[in-house]
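Residues per chain are reported as follows:
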Amino acid sequence: MQMKWPMSVLIKSIQFLKILLRCWHVTTLLGRCILLSFFSLYTYATTTHTPYAHVRVLLDQLSLKEGKPLTISTTGDHLMLMHMGSVKRRVSKQSIVVTHKRGQLYIDGRRYRPQECAITTFGGHLQYNNRSYDGSFQLLLHNDSLLVINKVPLEAYICSVLHSESWPGWPLEVNKVFAVACRSYVLSMIAQAIKQEQPYDVCNTNLHQTYAGKHDKKVLKDAVAQTKGVVLVHEGKPIRAMFDSCCGGVIPAHIADVHFPDAPYLARDYPCTHCKDLWIYSWQAEFTPQQLHEKLLAKIGHRMRISDLLVSKRDKAGLVQEVLVHGATPVPVAGKELYTLCKEIKSFCYTIERKKDTILVKGKGYGHHLGLCQWGARQMVADHWDYRRILHFYYPQTKLMRFV
Ligand SMILES: [Zn+2]
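Here the residue numbers are simple positions, counted from 1 along each chain's written sequence. pLDDT decides what is reported in this predicted model: residues at 70 or higher carry local features, side-chain atom pairs at 80 or more are listed and counted, and totals for whole chains, interfaces and linings draw on all residues regardless.

### Overview of helix 6 (residues 289-300)
For step 1, the next point in the chain: The end-to-end C-alpha separation of helix 6 is 14 Å, well short of the 16 Å expected for 12 residues at 1.5 Å each.
For step 2, the next point in the chain: To sort residues by burial, count the other C-beta atoms lying within 10 Å of each one's C-beta; a count of 20 or more means buried, 12 or fewer means exposed, and anything in between means partly exposed. C-beta atoms are built from the backbone. Note on conventions: DSSP H or I runs of at least 4 residues are helices, E runs of at least 2 residues are strands, and numbering of each starts at the N terminus. Taken residue by residue, helix 6 has Pro-289, Leu-292 and Leu-296 as its buried positions. Buried residues along helix 6 cover an arc of 60° about the axis, so they all sit on one side. Helix 6 presents Gln-290, Glu-294 and Ala-298 as exposed residues on the side facing more than 90 degrees away from its buried surface.
For step 3, the next point in the chain: Residues of helix 6 that are buried in the fold lie against strand 17 (282-287), strand 18 (308-314), strand 19 (320-326), strand 20 (331-334), helix 7 (335-341) and strand 22 (358-364).
For step 4, the next point in the chain: In the segment just after helix 6, Gly-301 is the residue with positive phi, at about 90°. Here the expected span of a helix is defined as 1.5 Å times the quantity of residues minus one. Each C-beta atom gives one direction from the helix axis, and the arc is the one those directions make. The contact rule is simple: place each C-beta atom from the backbone, and if two of them lie within 7 Å, those residues are in contact.

### Observations concerning the environment of Glu-173
For step 1, the next point in the chain: Examined against the element boundaries, Glu-173 turns out to sit in helix 4 (residues 172-195).
For step 2, the next point in the chain: Exposure remark for Glu-173: the 19 C-beta atoms within 10 Å place this residue in the partly exposed category.
For step 3, the next point in the chain: C-alpha separation for the pair Glu-173 and Tyr-387, spaced 214 residues apart in sequence, amounts to 6.0 Å.
For step 4, the next point in the chain: Ignoring anything within four residues of it in the chain, the contact list for Glu-173 reads Val-381, Asp-386 and Tyr-387.

### Describing the sheet that holds strand 15 (residues 237-238)
For step 1, the next point in the chain: When DSSP finds two or more bridges between two strands, those strands count as paired. Strands sit in the order 15-14-24 across an open sheet of 3 strands; the sheet is antiparallel. Either end of the sheet is taken by a strand with one partner, and the two such strands are strand 15 and strand 24 (399-402).
For step 2, the next point in the chain: Here 4 bridges tie strand 14 (residues 230-234) to strand 24, and the two strands are oriented antiparallel to one another. Residue pairing for strand 24: Val-231 is matched across the bridge by Met-401.
For step 3, the next point in the chain: Each axis is a line fitted through C-alpha atoms, and for a helix only the stretch in contact is used; angles between axes span 0 to 180 degrees, taken between their N-to-C directions. Against the sheet, helix 4 contacts strand 14 and strand 15, and its axis sits at roughly 60° relative to strand 14.

### Thoughts on the environment of Pro-289
For step 1, the next point in the chain: Examined against the element boundaries, Pro-289 turns out to sit in helix 6.
For step 2, the next point in the chain: Owing to 20 C-beta atoms within 10 Å, Pro-289 belongs among the buried residues under this scheme.
For step 3, the next point in the chain: For the pair Pro-289 and Asp-357, spaced 68 residues apart in sequence, the C-alpha to C-alpha distance is 7.7 Å.

Below, the structure written as structure tokens:
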């Protein structure tokens, strides 16, 4: 797996040079050549897909039926609309409005013939929904949707993800742990997207890794720079390095419903005890039967008087697989569904008690219990572990290597 810089870059650069020289009246001839060559290389690199050098992040998926317009702007002077690496239109203002009708894109009311459009800028950053982004955008009509995709350089993507997925004020070393885990995860997702010919690699939500564009947090930039290109691999491939906030001491290898042969590096068969004294390790939530009824109504499908809630099935790791909602007739609810429906329930590892007029749920951990335990890693850093040792603890059978 290596990033390659195609020879056709030179040809593209010359094409862009010709176009842009017409618009450039300030500098000397030599200055123009140098600047425009750089610009051409930059534009080509940010709008043409080079697998693994960039991440294609889905920012939005708009229904074609609704036809909702979207606005893309720049902090620079102008926007450049590209198709297949060539400039289709230069827009000398700082924002455009994109609409779509009958399977066609319209930009500022003018029809844009290709069904996809790459948008880039120079000397600034692109903006969408009040957030700034590195790289370029791609608008793509796909099935019944208009996809808004941000094509962002890999390391800039990792830096942005850390801003959402790390914790404010945490030390550099623990952010290096997260940087390597995030990088490994997204590279495995890129490999999957290429194999499945998907139009994007990851979503911008916690379905994959939360991504909210640019920021200026120095400690996060340093963590990314100091681990640049470092990934965890298993049998030569980047691993899907999952992580949660706190593992609650659950041993992942004992969790049912995970196909560990596909990801043996998630089958850690020893506990993390590093988080056990931290506030996040245990939690509890109390519900009245009426509150539970409101939360579970959509799942149960009919009104009923809830008398109790009992765990009916648990796996070897202690994770709840099924809960019985007692009323006129017991209704089974999957443990993970209860977690999804009740945001007060923080993990899959919990017990339930009836307490007079309320139902008390007591749990351990925060998240899905697989992979890296963020709060455990933070404690390990406080105990003088370095990022490499921490990663090997949480992801057994893996190696660290530098991605070139
Ligand atoms: Zn832990």
